[in-house]
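The primary structure of each chain is shown beneath.
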Amino acid sequence: MIIILIGYMASGKSSIGKRLAKKLNYKFVDLDDYIEDKENLSVSKIFKKKGEVYFRKQESHYLKKLLKKDKNMILAVGGGTPCYSDNMKLILGADEVKSIYLKASLPTLANKLMEKKAKRPLIAHIETLEAMTEFIGKHLFERMPFYEQAETHVSIDGKDKDEVTEEVAEKLL
Ligand code: S3P
């Protein structure tokens, strides 16, 4: 079984994924880390040196590779992964794959991302909470139709990471 965590940047895909992997005794893979390792460059540097189109191409390539190869894995994909190429179709059509959408409200994401924007090239330049909220609001509106195709949705608002992990695990049973 491969469990794929999807959701916007800072929705907790990696931190929940690591906790879930421990709980289920699964392997944990973060798609961004996997890409950085294979490409020998950080995501920010890939965007800067090679451009977003190249990043999206590699993101899709490595997603396909991981879906073929690995079993008993929790896979945290990037916030944009479900929204490019045919990635969401691929995720939904793959055998032995479950998709979970970690859903967060706009204020939760905007506040978290003001603290965690540095390594995220799409938002690193945004300076105020107001501008962040405006950007994310539009971005989420475009991305939501992809995220919402996930089989299971779990809201993260007002919950700590252990509570979210528990809820995801329960929904997987
Ligand atoms: C992106 C999200 C990032 C990373 C890249 C682009 C996006 O991953 O893949 O910066 O398009 O939302 P996280 O969701 O882990 O921050």
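Residues numbered from 1 in each chain as written. Predicted model: local features only at pLDDT ≥ 70, side-chain atom pairs only at ≥ 80, totals over all residues.

Visitor: I tried to follow the overall build of the protein on my own but got confused; where do I start?
Guide: From N to C terminus, the protein includes 8 helices and 5 strands. Of the regular secondary structure in the protein, the N- to C-terminal order runs β-α-β-α-α-α-β-α-β-α-α-β-α. Scaling as 2.2 N^0.38, a compact globule of 173 residues should have a C-alpha radius of gyration of about 16 Å, and the protein matches this with 15 Å. Each of the three principal axes of the protein carries a C-alpha extent, and together these read 40 × 35 × 25 Å. Per-residue burial for the protein yields a buried fraction of 32% across its 173 residues. Of all intrachain contacts in the protein linking residues separated by at least 6 positions in sequence, the fraction that spans at least 24 positions is 74%. (Helix = DSSP H or I, 4+ residues; strand = E, 2+ residues; numbered from the N terminus. Rg over C-alpha atoms; globule rule 2.2 N^0.38 Å. Buried ≥ 20, exposed ≤ 12 C-beta atoms within 10 Å, placed from the backbone. Contact = placed C-beta atoms within 7 Å.)

Visitor: Sorry, what's going on with the sheet that holds strand β5 (residues 152–155) here?
Guide: Paired through backbone hydrogen bonds, the strands of a sheet run either parallel or antiparallel to each other. Spatial strand order, β2-β3-β1-β4-β5: 5 strands in an open sheet with parallel pairing. The open sheet has two free edges, formed respectively by β2 (27–30) and β5, since each of these has just one partner strand. Averaged over all pairs of adjacent strands, the angle between their axes in this sheet comes to 20°, without regard to strand direction. Sheet topology note: the strand β1 (residues 2–6)/strand β4 (residues 97–103) ladder contains 5 bridges and is parallel. Each bridged residue has a counterpart across the sheet, and for Ile2 the counterpart in β4 is Val97. (Pairing = 2+ DSSP bridges. Axes fitted to C-alpha atoms, helices over the stretch in contact; angles between N-to-C directions.)

Visitor: Help me out: how do you make sense of the environment of His125 in this one?
Guide: The topology assignment puts His125 in the loop between α6 (106–115) and α7 (129–147). Separated by 24 residues in the primary sequence, His125 and Tyr101 have C-alpha atoms spaced 27 Å apart.

Visitor: I'm lost on the pairing of β4 in this one. Help?
Guide: Remark: a regular strand shows side chains that alternate across the two faces of the sheet. In the sheet, β4 pairs with β5 via 4 bridges, with the strands oriented parallel. If you follow Leu102 over to β5, its bridge partner there is Val154.

Visitor: Would you explain the packing of α6 against α7 in this entry?
Guide: The relative placement of two packed helices comes down to the angle between their axes together with the axis-to-axis distance. Remark: α6 packs on α7, axes separated minimally by 9 Å, with the N-to-C direction vectors making an angle of 125°. The angle between α6 and α7 falls in the class oblique. When the axes of α6 and α7 are compared, the crossing they make is right-handed. Counted together, Leu106, Leu109, Ala110, Leu113 and Met114 of α6 and Leu129, Met132, Thr133, Ile136, Gly137 and Leu140 of α7 form the full contact between these two elements. Considered class by class, the residues forming the contact of α6 with α7 number 9 nonpolar, 2 polar and no charged. (Parallel < 35°, antiparallel > 145°, perpendicular 65-115°, else oblique. Left-handed = near helix turned anticlockwise from the far one by under 90°. Nonpolar A, V, L, I, M, F, W, Y, C, P; charged D, E, K, R; others polar.)

Visitor: Explanation requested: helix α8 (residues 161–172) in the structure shown.
Guide: Counting along an α-helix, one turn takes 3.6 residues, and residues three or four places apart therefore face a common direction. Between its first and last C-alpha, α8 extends 17 Å over 12 residues, near the 16 Å set by a 1.5 Å rise per residue. If you follow the buried residues of α8, they end up packed against α1 (13–24), β4 and β5. (Expected span 1.5 Å × (residues − 1).)

Visitor: How should I be thinking about the site of the ligand in this particular structure?
Guide: Surveying the vicinity of the ligand reveals the residues Met9, Lys13, Asp32, Val43, Gly78, Gly79, Gly80, Arg120, Pro121 and Leu122. Across the shell around the ligand, the residue classes break down as 4 nonpolar, 3 polar and 3 charged. (Near = placed C-beta within 6 Å.)

Visitor: Got a minute to help me understand the UniProt feature "binding site: Mg(2+)" (unreviewed entry) in the protein in this structure?
Guide: The sites that carry the UniProt feature "binding site: Mg(2+)" (unreviewed entry) are, in the present numbering, Ser14. Mapped onto the secondary structure, Ser14 falls in helix α1. The contacts of Ser14, once residues within four sequence positions are left out, are Asp30 and Ala76. (UniProt positions renumbered as here; feature names shortened; annotations may be inferred.)

Visitor: Quick question: what am I supposed to make of unusual backbone geometry here?
Guide: As a rule of thumb, non-glycine residues mostly have phi less than zero, and peptide bonds are mostly trans rather than cis. Positioned with a positive phi, Ala10 is a non-glycine residue whose angle comes to about 70°. One non-glycine residue with positive phi stands out, namely Asn40, at about 60°. Within the secondary structure layout, Asn40 lies in the loop between α2 (31–39) and α3 (43–50).

Visitor: In this structure, what is going on with the packing of α1 against α8? I would like to understand it.
Guide: Where α1 meets α8, the axes come as close as 9 Å, and the angle between the chain directions of the two elements is 60°. Compared by their axis directions, α1 and α8 come out oblique. Helix-helix and strand crossings are classified by hand; for α1 and α8 the assignment is right-handed. Where α1 abuts α8, its residues Ser15, Ile16, Arg19, Leu20 and Lys23 lie against Lys161, Asp162, Val164, Thr165, Val168 and Ala169.

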